[in-house]
Amino acid sequence: MSDTTSSDASSRESAHYPEDVLEAFRSITTASLADAVEQHGRRGYLTGAVHQVAPGTGTLVGPAVTVREIPADESLPPEHALQAIDEATAGSIVCIDAGGADVAVWGGLMTAGAVARQLAGCVLDGGVRDVTEITRDFPGFAVYARTAVPATTLGRMRTVSLNEPVVVGSVDIRPGDLIVADRDGVVRVPADLVDAVRRTAEEIEEREKEQTRLILDSGSLRAGLARYHRI
Ligand SMILES: O=C([O-])CC(=O)C(=O)O
Ligand SMILES: [Mg+2]
């Protein structure tokens, strides 16, 4: 029997990040992470157009596997995407740069393949179809996309690279960057900043918890904000 369907902890562990790091990021919001990446001099947040289409379970966290696609006239299978799904480490997130195309570069069958490989989700600078089947049959799988649209990728797009740098939602994503997504949207944490961004984001969340308490205790937003001089 193949070990790819096993659910022991080691098979869920990503090749790039230990489970305790992934777990820590699952309890940090994308809002805090967007601020934290910015405090380290980079942009983390993807444009809000790339939004949650299928929620999965909780905050989506995992290393990026990257695919690029361009418009095509011939009808070709999306080879690099199929390879990404079949070969990525469990827990990975497939990030597809389709240049914002109004085409489904992801669908129900691709989701079945991703679930069979225990991938965590996908982030698409393009569209998705089969959303009813995905949310009904694979509720743990998260999809973030620009649009839901019934148009197939076949005859409209072709894949050109796997695990090369891509641009998704106006942000550069490199394979192995950490992707975090929740109801607000998607943040890319550059791989070299993961530890620093985690510390900064945890500080932001602590401060905001304290600010919330001060606002409620004082009965005033401005009085509550006064201690930290910022919202
Ligand atoms: O053809 C497509 O665009 C992808 C699709 O429907 C699927 O994966 O089920
Ligand atoms: Mg389909």
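The structure reproduced in this document is the subject of the present report. The structure presented is a predicted model; accordingly, all values stated were derived computationally and were not measured.

Orientation of helix 4 (residues 79–87) relative to helix 5 (residues 108–116), taken along the N-to-C sense of each, is 30°, at an axis distance of 8 Å. What the angle tells us is that helix 4 and helix 5 run roughly parallel. Contact residues: A81, I85 and D86 in helix 4; M110, G113 and A114 in helix 5. For the contact of helix 4 with helix 5, the class distribution of residues is four nonpolar, one polar and one charged.

Once that is clear, we can look at unusual backbone geometry. Even without being glycine, N163 reaches a positive phi, approximately 55°. Structurally, the position occupied by N163 is in the loop between strand 7 (157–162) and strand 8 (166–168). A count of 18 C-beta atoms within 10 Å places N163 in the partly exposed class. Not every positive phi belongs to a glycine, and S170 is a case in point at roughly 70°. Note on S170: 13 C-beta atoms within 10 Å, which makes it partly exposed.

A word on the pairing of strand 6 (residues 142–148). Here strand 6 lies mainly inside the structure; five of its seven residues are buried. Two elements, strand 1 (residues 51–55) and strand 6, share four bridges in a ladder whose sense is antiparallel. Note that in strand 6 the partner of P55 across the bridge is A142. With six bridges joining them, strand 5 (residues 121–128) and strand 6 adopt parallel strand pairing. Across the sheet, G127 pairs through a bridge with T147, a residue of strand 6.

Note that soluble globular proteins tend to have their nonpolar side chains buried in a common cluster. Counting 61 residues, the largest nonpolar core has V94, C95, V123 and V143 as its most contacted members. With five residues, strand 2 (residues 60–71) is the largest single contributor of residues to this core. Non-local contacts of V143, meaning those with residues more than four positions away in its chain, are made with V53, A54, W106, G121, C122, V128 and I134.

Parameters at a glance
Residues numbered from 1 in each chain as written. Chains lettered and ligands numbered in written order. Predicted model: local features only at pLDDT ≥ 70, side-chain atom pairs only at ≥ 80, totals over all residues. Axes fitted to C-alpha atoms, helices over the stretch in contact; angles between N-to-C directions. Helix = DSSP H or I, 4+ residues; strand = E, 2+ residues; numbered from the N terminus. Parallel < 35°, antiparallel > 145°, perpendicular 65-115°, else oblique. Contact = placed C-beta atoms within 7 Å. Nonpolar A, V, L, I, M, F, W, Y, C, P; charged D, E, K, R; others polar. Buried ≥ 20, exposed ≤ 12 C-beta atoms within 10 Å, placed from the backbone. Pairing = 2+ DSSP bridges. Core = buried A, V, L, I, M, F, W, Y, C linked by C-beta atoms within 7 Å.

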